[in-house]
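# Residue-level structure breakdown
Spelled out from the first residue to the last, the chains are:
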Amino acid sequence: MQSTIVNITLTGSSYPIIINDSCFDLTSVKEILAGRKVALISNDKVAPLYIEGVSKELSKYCSGVFPHILADGEEYKNLDSWRGILDFLADNNINRSDILVSLGGGVVCDITGFAAASWMRGVEFIQIPTSLLAQVDASVGGKTGINHPKGKNLIGAFHQPKAVIINTATLKTLPSREFKSGLGETVKYAFINKPKFKKWLGENSDRINQQDLPTLTEMIAQCCEFKAEIVQQDEKELGVRALLNLGHTFAHAIETFTKYKEYTHGEAVAIGIAMAAELSVIMEKSNQRLIDNVRALMAKFELQDTIPKSINPEKLVELMRLDKKVKGNTHRLILMKDIGESYIQTNVCEKDILQAIENCQS
Ligand code: NAD
Ligand code: GLY
């Protein structure tokens with residue numbers, strides 16, 4: 001199959017997202033790889049499945065592949081793993097004329113990007129995302145980072161990849177819970193600014209749930225286009241890019257509160273979007289129809305939209321204070337006026353946030 005290419009054009013850099021449903025299509029990046037050493041960063045779950053094939057493809061163009069395997073899991077997206085990558089780069093004399101390549105889900109993409117951003121004040125890197133969440137979101141747009149014990153993604157840098165290579169056939173080995181988690185980040189585009197995508201998702205939900213590869217490939221390409229559109233307008237999140245964080249402030253608090261053990265990122269985002277819808281109605285920016293629409297789409301993909309009573313809403317609000325979007329003492333959150341009409345709401349008071357969380361408890 002011919003690859004679909006979505007281009008991201010930014011002031012300082014431009015790069016292609018190359019999407020194929022049967023192979024890792026490196027043909028358009030052969031000049032980038034030519035004669036360079038590749039530090040290939042993966043984890044112990046994805047590497048056994050794909051590292052051999054990817055290394056073989058990379059070896060056609062680069063001068064050598066140096067694999068480094070991380071432990072699998074969000075809990076390893078931390079300073080120790082990042083330091084481990086830097087030690088590995090030092091031990092293998094990876095310098096600014098070489099290149100890093102990630103192979104894995106969003107965790108591997110984020111930490112590899114951050115290692116590339118920080119090593120020798122910035123080396124080039126390519127993302128090869130293998131989870132749905134990373135293919136629709138995490139690998140695209142240049143946000144890189146790791147978690148701090150006090151909160152998610154608190155350490156990081158904007159550093160754009162040279163290319164993103166997506167082989168949607170990798171989704172065949174993705175555990176079904178992780179697939180659903182990726183749908184949490186997929187549906188967010190519909191609520192942010194793409195109401196037609198909501199219709200498309202609704203019409204194609206059966207094929208998506210059955211993991212029909214052509215439908216998934218089309219869905220991923222659309223998400224990459226939506227994300228590219230926003231990142232092109234606002235690479236460093238000074239304005240409109242913040243909309244991509246719909247549901248995320250709630251989600252990060254849920255993930256931190258439950259120590260990354262109870263919810264995947266996408267599951268937490270889906271619940272966070274439901275909380276954002278509740279808050280939009282509490283603040284009288286929207287009406288019950290929005291909540292019903294959000295819950296109906298979540299239901300089509302069997303995405304949870306509530307948290308149990310055992311999660312203390314006050315503690316979540318406390319954690320939300322650490323969010324990067326907090327300005328002064330009031331919260332700044334992404335809310336919705338309607339499906340596909342999200343906006344940045346400043347001066348959100350904690351009483352309303354608390355109420356929105358409580359409305360999503362069951
Ligand atoms: P993940 O990287 O932990 O992957 C989920 C699980 O699936 C892991 O066990 C992983 O090893 C496994 N996996 C991945 N691909 C596989 C495959 N093809 N076959 C079998 N197993 C596979 O989690 P994720 O959901 O991919 O990403 C979540 C992370 O992404 C979070 O850390 C989040 O903060 C980050 N993120 C970043 C951005 C960004 O813009 N940089 C955007 C959204 C999310
Ligand atoms: N995932 C949010 C962003 O890339 O801005």
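Residues numbered from 1 in each chain as written. Chains lettered and ligands numbered in written order. Predicted model: local features only at pLDDT ≥ 70, side-chain atom pairs only at ≥ 80, totals over all residues. Heavy atoms only, no water.

### Structural notes on the site of ligand 2
What counts here: Any residue with a heavy atom positioned within 4 Å of a molecule or strand is treated as near that molecule or strand. We call two N or O atoms a polar contact when they sit within 3.5 Å, provided that within protein one can donate a hydrogen and the other can accept it, with sequence-adjacent residues counted only if both atoms are side-chain atoms. Surface accessibility follows the Shrake-Rupley procedure with a 1.4 Å probe radius. Residue values consider only the protein chains on display as shielding. Basically, the charged four are Asp, Glu, Lys and Arg, the nonpolar ten are Ala, Val, Leu, Ile, Met, Phe, Trp, Tyr, Cys and Pro, and anything else, Gly included, counts as polar.
In the region of ligand 2, the neighbouring residues are Asp137, Lys143, Lys188, Lys227, Glu237, Arg241, Leu244 and Asn245. Side-chain polar atom of Lys143 to an oxygen atom of ligand 2: 3.0 Å apart, as the coordinates give it. Contact distances for ligand 2 include 2.6 Å between an oxygen atom and a side-chain N or O atom of Lys227. Isolated, ligand 2 exposes 200 Å² of accessible area, and the fraction of that covered by the protein chains is 89%. Here the residues of the shell around ligand 2 sort into one nonpolar, one polar and six charged.

### Considering the layout of surface pockets
Empty pockets left among the atoms are what a rolling probe the size of a water molecule brings to light. The test is simple: Using a 1 Å grid laid over the protein atoms alone, points where a 1.4 Å probe fits but cannot get out form a cavity; open sets with protein on both sides within 12 Å along at least 5 of 7 lines form a pocket; any residue with an atom within 4 Å of a point counts as lining. Grid points are joined across faces, edges and corners, and a volume is the space filled by probe spheres set on the points.
Each pocket or cavity is described by its volume, and for the second largest pocket that value is around 270 Å³. For the second largest pocket, the lining is made up of 13 residues, of which Asn147, His148, Pro149, Lys150 and Tyr260 are closest to its centre. Residue composition of the lining of the second largest pocket, grouped by class: three nonpolar, five polar and five charged.

### Concerning the site of ligand 1
For clarity, the cut-off: Numbering of helices and strands runs from the N terminus; a helix is a DSSP stretch of H or I covering at least four residues, while a strand is a stretch of E covering at least two.
Around ligand 1, the structure places 28 residues, and the nearest of them are Glu74, Lys77, Thr130, Ser131 and Thr173. Side-chain polar atom of Asp110 to a nitrogen atom of ligand 1: 2.9 Å apart, as the coordinates give it. Here a nitrogen atom of ligand 1 sits 2.9 Å away from a polar atom, N or O, in the main chain of Lys143. Elements that contribute at least two residues to the shell around ligand 1 include exactly α2 (47-59), α4 (106-118), α5 (132-138), β8 (151-158) and α6 (176-192). Counted by class, the shell around ligand 1 contains eight nonpolar, nine polar and 11 charged residues.

### Remarks on the nonpolar core
For the record, the criterion: To qualify as a nonpolar core, a set must consist of buried Ala, Val, Leu, Ile, Met, Phe, Trp, Tyr and Cys residues joined through side-chain atoms within 4.5 Å. Burial here depends on accessible area, computed with a 1.4 Å probe over protein chains only, as a share of the maximum for the residue type. Under 20% is buried, over 50% is exposed, and the range in between is partly exposed. Two residues form a contact once any of their heavy atoms are found within 4.5 Å.
Grouped together as the largest cluster of nonpolar side chains are 80 residues, with contacts concentrated most on Phe191 and Leu201. Top element by residues in this core is helix α8 (residues 213-233). It accounts for 11 residues. The contact partners of Leu201, leaving out residues within four places of it in the chain, are Thr186, Val187, Ala190, Ile208, Met219, Leu297 and Phe301.

### Considerations on unusual backbone geometry
Phi at Asn93 takes a positive value of approximately 50°, unusual for a residue other than glycine. Its place among the elements puts Asn93 in the loop between α3 (79-91) and β5 (99-104). Its relative accessible area of 54% is what places Asn93 among the exposed residues. The phi angle at Gln211 is positive, at roughly 60°, despite the residue not being glycine. Among the secondary structure elements, Gln211 is positioned in the loop between α7 (195-209) and α8.

### A closer look at the side chain of Lys152
Note on placement: Lys152 falls in strand β8. Using a relative accessible area of 5% as the deciding quantity, one classes Lys152 as buried. Here Glu74 takes part through its side chain, which lies 2.8 Å from a polar atom of the side chain of Lys152.

### Description of a negative patch on the surface
Selection rule: To count toward a patch, a residue needs a relative accessible area above 30% and no salt bridge. Like charges then connect within 9 Å, nonpolar side chains (Val, Leu, Ile, Met, Phe, Trp, Tyr) within 5 Å. Salt bridge, as used here: a side-chain nitrogen of Lys or Arg that lies within 4 Å of a carboxyl oxygen of Asp or Glu. Neither His nor the chain ends contribute to the count of charged residues, in which Lys and Arg are positive and Asp and Glu negative. All charge positions are set by atom: Lys at NZ, Arg at CZ, Asp at CG, Glu at CD.
Together, Asp44, Asp72, Glu75 and Glu178 give the surface a local cluster of negative charge. Residue placement: Glu75 occurs in the loop between β4 (64-70) and α3. Owing to a relative accessible area of 45%, Glu75 belongs among the partly exposed residues under this scheme.

### Considerations on α8
Under the convention used in this document: What a helix should span is 1.5 Å times the count of its residues minus one.
Between its first and last C-alpha, α8 extends 30 Å over 21 residues, near the 30 Å set by a 1.5 Å rise per residue. Within α8, 15 of the 21 residues are buried, leaving the element largely enclosed by the surrounding structure.

### Some words on empty space enclosed by the protein
By the definition in use, this model includes two cavities of 30 Å³ or more. By volume, the largest cavity is sized at about 120 Å³. For the lining of the largest cavity, the secondary-structure elements that each account for two or more residues are β8, α9 (248-257) and α12 (313-320). With four residues, α9 is the single largest residue contributor to the lining of the largest cavity. Across the lining of the largest cavity, the residue classes tally to five nonpolar, four polar and four charged. Within this model, the second largest cavity holds a volume of roughly 40 Å³. Surrounding the second largest cavity, Asn245, Leu246, Gly247, His248, Thr249, Phe250, Ala276, Leu333 and Ile334 form its lining. Of the residues that constitute the lining of the second largest cavity, the class distribution is five nonpolar, four polar and no charged.

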